[in-house]
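Breakdown of the fold
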Amino acid sequence: MFNPYQTKSVVIRKIIKESSDAKRFVLEFQDKEYAKQFDFLPGQFIEISIPGFNEAPFTFGSSSKNKEFFEIAVRDVGSLTSALSQMKVSDEVGMRGPFGNGFPMDLLKSRNLLLVSGGCGFVPLRSVTEEYLDRKDEFEGKLQVFYGARSYDDLLFKDDFEKWLGAGIDLNLKVDKQDKSCDSSKFKCDTGLVTELFGKVDLVERPVVFICGPPLMAKFVIQELDKLKVEYSDIYISLERRMECGLGVCEHCAVGPYYVCKDGPVFSWDKIEWIPGII
Ligand SMILES: Cc1cc2nc3c(=O)[nH]c(=O)nc-3n(C[C@H](O)[C@H](O)[C@H](O)COP(=O)(O)OP(=O)(O)OC[C@H]3O[C@@H](n4cnc5c(N)ncnc54)[C@H](O)[C@@H]3O)c2cc1C
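1. Notes on helix H3 (residues 122-134)
Over its 13 residues, H3 extends 18 Å from the first C-alpha to the last, a length consistent with the 18 Å expected when each residue adds 1.5 Å. For H3, the tally of buried residues reaches 11 of 13 residues, placing the bulk of the element in the interior. Of all the positions in H3, only Phe122, Val123, Pro124, Leu125, Arg126, Ser127, Val128, Thr129, Glu130, Glu131 and Tyr132 are classed as buried.

Structure representation (C-alpha cells):
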C-alpha cells in the first residue's frame, strides 16, 4: 500500500554531471507496484536517506508523467550530498515522500507563466518545465524562463535548453561572469543578474510567477514584480528551510504560522510577505 511516510528503496539508474558540484540522478523504485501508485506535483519534495549519513530533502527535477523513473539534482554541500555524489549506477538509496504542496500547475490552463530562478533553485522549475511540455495540450498559457547562475558551467540542465527553445519556451539566461563555454555556447547568456532581465525582455502578458532560488535574488525579483504591478496572489515562491521530519512535527521549519514542510514549500506571496525575515 502507498505510504509516503515509509522509506522505500530506489535504485540509481543514471547519473548526469550537471556542473562542477551538481549531479542529476535518475531513480527507479525497486517495488514496481508501489511505483504505479506514486505520484507528485512539481515543487513537492522527498527525503533521501543513506545509512550512516542521515537524510535530507530534495525537490523533484522531472515531470510527474513518467511513472517508471523520477529525477533529482543535487549540489554537493555536506555529508549526505557528498556521499550521494560518490555513488554509482545500480547503488540504492532510501526515499520517503512526496511531501509538501507543490506549484499550482493548473493555473497554466488559462494563464501565462514566468519562472524565475538562480543556481540550484532551478531544480523544481525544471520539473515545472518538463511537466508543461508533457501536458502541453492541457495548457493555454505560454512559458517564459529567467534563469541565472554564477557561470555557464553552473547552469543546470543545459542539455534540455535546445529542446525547450524548440518547443517555444522563451528561455532567458544570465551569468555572473562570462567564461569560454559561454562564448562557444549556442545559447545567449549575457553577464549580469537575473533581475536585469526585467525591463530588457518583453514579459508574457499578465503572468503567474513561480520563483525558486537564493533569498536575496527572490527579494529583488519581487521588487521588480512590484514595479510591474503583478498581484502578490499571482507570485508563488518555494522556500528553503532546514527541516528534519518533513511532517510538521519537529518545528525546525516553522515560519510565522506555517511549517515549510507541510504548508509549503510553495507559498503565494500574499500569504507570507508580512512575515519578518521570510526571504
Ligand atoms: C524543500 C527543500 C528542497 C530541497 N531541494 C534540493 C534540491 O533539489 N537539490 C539540492 O541540492 N538541495 C536541495 N535542498 C537542500 C538540501 O536539502 C540541503 O543542502 C541538505 O541539508 C544537504 O544535506 P547534507 O547532509 O549534504 O548537508 P549538511 O551536512 O547537513 O549541511 C551542509 C551545509 O549546508 C548548510 N545547510 C544545509 N541545509 C540548509 C538549508 N536548508 N538552508 C541553509 N543552510 C543549509 C549546513 O548548515 C551546512 O553548512 C532542498 C532543501 C529543502 C528544504
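2. As for the site of the ligand
Around the ligand, 19 residues are found, and the nearest of them are Pro57, Ala73, Arg75, Leu80 and Thr81. Separating an oxygen atom of the ligand from a backbone N or O atom of proline 57 is a distance of 2.6 Å. Glutamate 240 is positioned with one of its side-chain polar atoms (N or O) 3.2 Å from a nitrogen atom of the ligand. Alone, the ligand offers 900 Å² of accessible surface; in the complex the protein occludes 70% of this. Within the residue set of the shell around the ligand, elements represented by two or more residues are strand E4 (55-59), strand E5 (69-75) and helix H2 (79-85). Per-element accounting of the shell around the ligand gives the leading share, four residues, to E4. For the shell around the ligand, the residue count by class is 11 nonpolar, four polar and four charged.

3. Here's the deal with the domain arrangement of the chain
The domain architecture assigned to the chain consists of domain 1 (8-99) and domain 2 (105-238). Relative to domain 2, the C-alpha centre of domain 1 lies at a distance of 23 Å. Between domain 1 and domain 2, the contact holds 21 residues from the first and 19 residues from the second. Taking both partners together, domain 1 and domain 2 bury about 1,500 Å²; carbon and sulfur atoms supply 53% of that area. Remark: the boundary between domain 1 and domain 2 carries two salt bridges. For arginine 150, the salt bridge is made with aspartate 21, and the minimal N-O distance between the two is 3.8 Å. Those elements that place two or more of their residues in the side of domain 1 that touches domain 2 are strand E2 (22-29) and E5.

4. Observations concerning the side chain of glutamate 131
Within the secondary structure, glutamate 131 is located in helix H3. Take glutamate 131: its relative accessible area is 2%, and that puts it in the buried class. Polar contacts involving the side chain of glutamate 131 include one to the main-chain amide nitrogen of serine 64, which spans 2.8 Å. Beyond its immediate sequence surroundings of up to four residues, glutamate 131 is in contact with Pro42, Ser63, Ser64, Lys65, Met105 and Phe139.

5. Some words on the packing of aromatic side chains
The full count for this structure, using the stated rule, is 22 aromatic pairs. Taken together, a centroid distance of 5.9 Å and an interplanar angle of 55° make the contact between phenylalanine 122 and tryptophan 164 tilted. In this pair, phenylalanine 122 sits in helix H3 while tryptophan 164 sits in helix H4 (residues 158-166), placing the two residues 42 residues apart along the sequence. The same class applies to phenylalanine 122 as to tryptophan 164, namely buried. Each residue in the set Phe2, Phe29, Tyr34, Phe38, Phe40, Phe60 and Phe70 is aromatic and connected to the rest through ring pairs, giving one cluster.

6. Re the pairing of strand E9 (residues 170-175)
With five of six residues buried, E9 is to be regarded as a mostly interior element. In terms of strand pairing, strand E8 (residues 143-149) meets E9 through six bridges, oriented parallel. Its bridge partner lying in E9, valine 145 is registered against leucine 171. Read from E8 through H4 to E9, the crossover connection turns out right-handed. In this structure, E9 lies alongside strand E10 (residues 189-191), joined through three bridges in parallel fashion. Within E10, the position partnered with valine 175 by the bridge is threonine 191.

7. Re the sheet that holds E10
Spatially, seven strands are ordered E10-E9-E8-E7-E11-E12-E15 in an open sheet, and the strand pairing comes out mixed. Strands with a single pairing partner mark the edges of an open sheet, and in this sheet they are E10 and strand E15 (266-268). Neighbouring strand axes in the sheet, compared pairwise and without regard to direction, differ in orientation by 20° on average. Note that strand E7 (residues 113-118) and strand E11 (residues 208-212) share five bridges and pair parallel. The residue of E11 that forms the bridge with leucine 113 is valine 208. Its contacts with the sheet place H3 against E7, E8 and E11, and it is angled at close to 150° to E7.

About the cut-offs
- Residues numbered from 1 in each chain as written.
- Predicted model: local features only at pLDDT ≥ 70, side-chain atom pairs only at ≥ 80, totals over all residues.
- Heavy atoms only, no water.
- Helix = DSSP H or I, 4+ residues; strand = E, 2+ residues; numbered from the N terminus.
- Expected span 1.5 Å × (residues − 1).
- Buried < 20%, exposed > 50% of the residue type's maximum accessible area, 1.4 Å probe, protein only.
- Near = heavy atom within 4 Å.
- Polar contact = N/O pair within 3.5 Å; in protein donor to acceptor, adjacent residues only side chain to side chain.
- Areas by Shrake-Rupley, 256 points an atom, 1.4 Å probe, with all protein chains shown as cover.
- Nonpolar A, V, L, I, M, F, W, Y, C, P; charged D, E, K, R; others polar.
- Domains from an automatic or database assignment.
- Contact = heavy atoms within 4.5 Å.
- Buried area = accessible area lost by both parts, 1.4 Å probe.
- Salt bridge = Lys/Arg side-chain N within 4 Å of Asp/Glu carboxyl O.
- Phe/Tyr/Trp six-rings, centres within 6.5 Å; stacked < 30°, edge-to-face > 60°.
- Pairing = 2+ DSSP bridges.
- Right-handed = clockwise from strand over helix to strand, strands pointing away.
- Axes fitted to C-alpha atoms, helices over the stretch in contact; angles between N-to-C directions.

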